[in-house]
Each structure stands twice: as C-alpha cells, then as structure tokens.
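# A closer look at the structure
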Amino acid sequence: MKLGLSIIGSGPSLHGRLSLLFPHNGLSTGQHLSDAFVQVNPLKKVPTLKDGDFILTESVAILLYLTHKYKVPEHWYPQDLQTRARVDEYLAWQHTTLRRNCLRALWHKVMLPNFLGEQVSPKTLEDTVAELDVTLQLLQDKFLQNKDFIVGPHISLADLVAITELMHPVGAGCQVFQSRPKLAAWRQRIEAAVGKDLFQEAHEVILKVKNTPPADPTIKQKLMPGVLAMIQ
C-alpha cells in the first residue's frame, strides 16, 4: 500500500522511513477499510503519511509537513507573509467548495452508476454540474483572476491541490476547461511547470476511472455509507 514520493525541485528524495499509504485504486477495492489500514489510520481515509513512527492524515497537512521537512523551493509555500496567506486562503476554501463539487460530479456521473450500480436522476446530475460550474467560476474570478498561478507568477501548493481536484470531473467526462480559456491556459502552465510526464502519471488512475469495473457486493456494502456522507 506504499507510494514512493519525491518533491518537485527539491534536494533529497523521500525514501526509507517515509511513505504515503495510498493503495493503488484503493478506494475502489475498499483497501482503506481493511483492518491493516485502520490500524494505521482509524479515520479510514487516504492518503496517510507514515514517517517512521509519526503518522499524519489529511492531504493538506501532509503537503505542508513535507514542504517544511524537506525545505522545498520557496515558491511552493512562499515565505512572504501575505503571499503565503493567499495559499492558506485557497487551501481553507477548497475543502467544502471545489473539492466537494468535483467529487460530487465524479460520483454522480460515473462512480455511482458504473461502479456501485446506483442510478442517479437526471435532475440530480444537472444540479451537480450546475453547482460545479458556479464553483469553477469562483476559482477563476476570485483566486486565479489574471495571474499565471493562484498566488502570482509562480506555481504553489494551491495550484497543485486545485488541479488535482479538477481532474476528478475531467476523468468523469466533464468539459471543465472547454469554455474557460483562462483555466485551460492555467492548466497548461501547471503541466509545463511540473513536467508533462509527471502530470500524466499523477492523474493516470483518475483519467481511467470510467473503466473501473463494477464493485463486488461486499465492497459496495462497505463503501456506500462513506460515499454518501462524502458527497452530501
């Protein structure tokens, strides 16, 4: 269940005692609900970071921990107080807005009907996509504006977290960037900044999510309560 890590542009690679516990396709197989995983993270959530005996949950907390421990290039989490506050502002906003609506689009459009065999009404899907559209407009108008990246001319953690969320509806077939040239250009700048190969590798699983086979009934029974709570 381990995924090796490296920080883009940093010095030493993350290896040895440090690993992310994030099973490949783990959510669709229910591995994060296994007894072995629950012993590490009773919250039954991924990713989980294990650094020796130190265990940390929540993706944003993990990213911040890694930036401090490995002293990554300054642009990822700027030292300037107000620029850093802009990164924090986005990270605080996205949990209940962009992340929520991107996940809802993914599950309502693909995962519920294809993976869990639960039909979603056209009205529910229409409302979900409409809500996602509103949030995408906020991302563009409030956070990106006319800048190259969310907090200015350089890529930061805010951009990494944001693009990761947007790739969920993209994987579900939503045309997130089609009518939004500013967001489309921003996506291209992120891909160029991290490297095309790494960008594609990072999103390989989510871009193939429509090919996920139907869940075993036992897995479905275990997953349903958590899924419904997540996408409410």
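Residues numbered from 1 in each chain as written. Predicted model: local features only at pLDDT ≥ 70, side-chain atom pairs only at ≥ 80, totals over all residues. Heavy atoms only, no water.

Looking at an unreviewed UniProt entry, the chain carries the name glutathione transferase, with the source organism given as Urocitellus parryii. Quoted straight from UniProt, the Sequence similarities (unreviewed entry) entry for the chain says "Belongs to the GST superfamily. Theta family." Looking at the Subcellular location (unreviewed entry) heading of the UniProt record, one finds this comment for the chain: "Cytoplasm". (UniProt positions renumbered as here; feature names shortened; annotations may be inferred.)

## Some details on the side chain of Arg-180
By the secondary structure assignment, Arg-180 is in the loop between α7 (157-171) and α8 (181-194). Setting aside chain neighbours within four positions, we find Arg-180 in contact with Asp-133, Leu-136, Gln-137, Gln-140 and Gln-175. (Helix = DSSP H or I, 4+ residues; strand = E, 2+ residues; numbered from the N terminus. Contact = heavy atoms within 4.5 Å.)

## Digging into the packing of aromatic side chains
Enumeration over the complete set of coordinates arrives at 4 aromatic pairs. A centroid spacing of 5.7 Å and a plane angle of 50° characterise the contact between Tyr-90 and Trp-93, whose relative ring orientation is tilted. With Tyr-90 and Trp-93 both in helix α4 (residues 81-94), this residue pair falls 3 residues apart, about one helical turn. There is no split in this pair, since Tyr-90 and Trp-93 are both buried. Taken together, a centroid distance of 4.6 Å and an interplanar angle of 40° make the contact between Trp-93 and Phe-143 tilted. Note that Trp-93 is positioned in helix α4 and Phe-143 in helix α6 (residues 122-144), a separation of 50 residues in sequence. Like Trp-93, the residue Phe-143 is buried in the burial classification. (Phe/Tyr/Trp six-rings, centres within 6.5 Å; stacked < 30°, edge-to-face > 60°. Buried < 20%, exposed > 50% of the residue type's maximum accessible area, 1.4 Å probe, protein only.)

## Some thoughts on helix α11 (residues 217-230)
Taking 1.5 Å per residue, 14 residues should reach 20 Å; α11 reaches 20 Å between its end C-alpha atoms and fits that length. Along α11, the sharpest change in direction is near 40° and occurs at Leu-223; proline Pro-225 comes one to four residues later. For α11, the set of buried residues is Ile-219, Leu-223, Met-224 and Val-227. For α11, the capping residue at the N-terminal end is Asp-216, with a side-chain oxygen 2.8 Å from the backbone nitrogen of Thr-218. (Expected span 1.5 Å × (residues − 1). Bend = angle between axes of the 7 residues up to and from the residue. Polar contact = N/O pair within 3.5 Å; in protein donor to acceptor, adjacent residues only side chain to side chain.)

## Observations regarding the packing of helix α5 (residues 98-115) against α11
Viewed as axis vectors pointing N to C, α5 and α11 meet at an angle of 155°, and their least axial separation amounts to 11 Å. By the angle between their directions, the pair α5 and α11 is classed as roughly antiparallel. For the pair α5 and α11, the crossing hand works out as left-handed. Only Leu-223, Met-224, Val-227 and Met-230 of α11 make contact with α5, whose side of the interface consists of Leu-103, Trp-107, Leu-112 and Phe-115. Residue composition of the contact of α5 with α11, grouped by class: 8 nonpolar, no polar and no charged. (Axes fitted to C-alpha atoms, helices over the stretch in contact; angles between N-to-C directions. Parallel < 35°, antiparallel > 145°, perpendicular 65-115°, else oblique. Left-handed = near helix turned anticlockwise from the far one by under 90°. Nonpolar A, V, L, I, M, F, W, Y, C, P; charged D, E, K, R; others polar.)

## A word on the nonpolar core
Inside soluble globular proteins, nonpolar side chains tend to come together where they are buried. Grouped together as the largest cluster of nonpolar side chains are 57 residues, with contacts concentrated most on Tyr-90, Leu-98, Trp-107, Leu-139, Ile-150, Leu-166 and Trp-186. When contributions to this core are tallied by element, the ones reaching two or more residues are α3 (59-70), α4, α5, α6, α7, α8 and α11. When residues in this core are grouped by element, the largest group, 9 residues, is from α5. Beyond its immediate chain neighbours, meaning those up to four positions away, Ile-150 contacts Tyr-90, Leu-139, Phe-143, Leu-144, Ala-158, Asp-159, Ala-162 and Trp-186. (Core = buried A, V, L, I, M, F, W, Y, C linked by side-chain atoms within 4.5 Å.)

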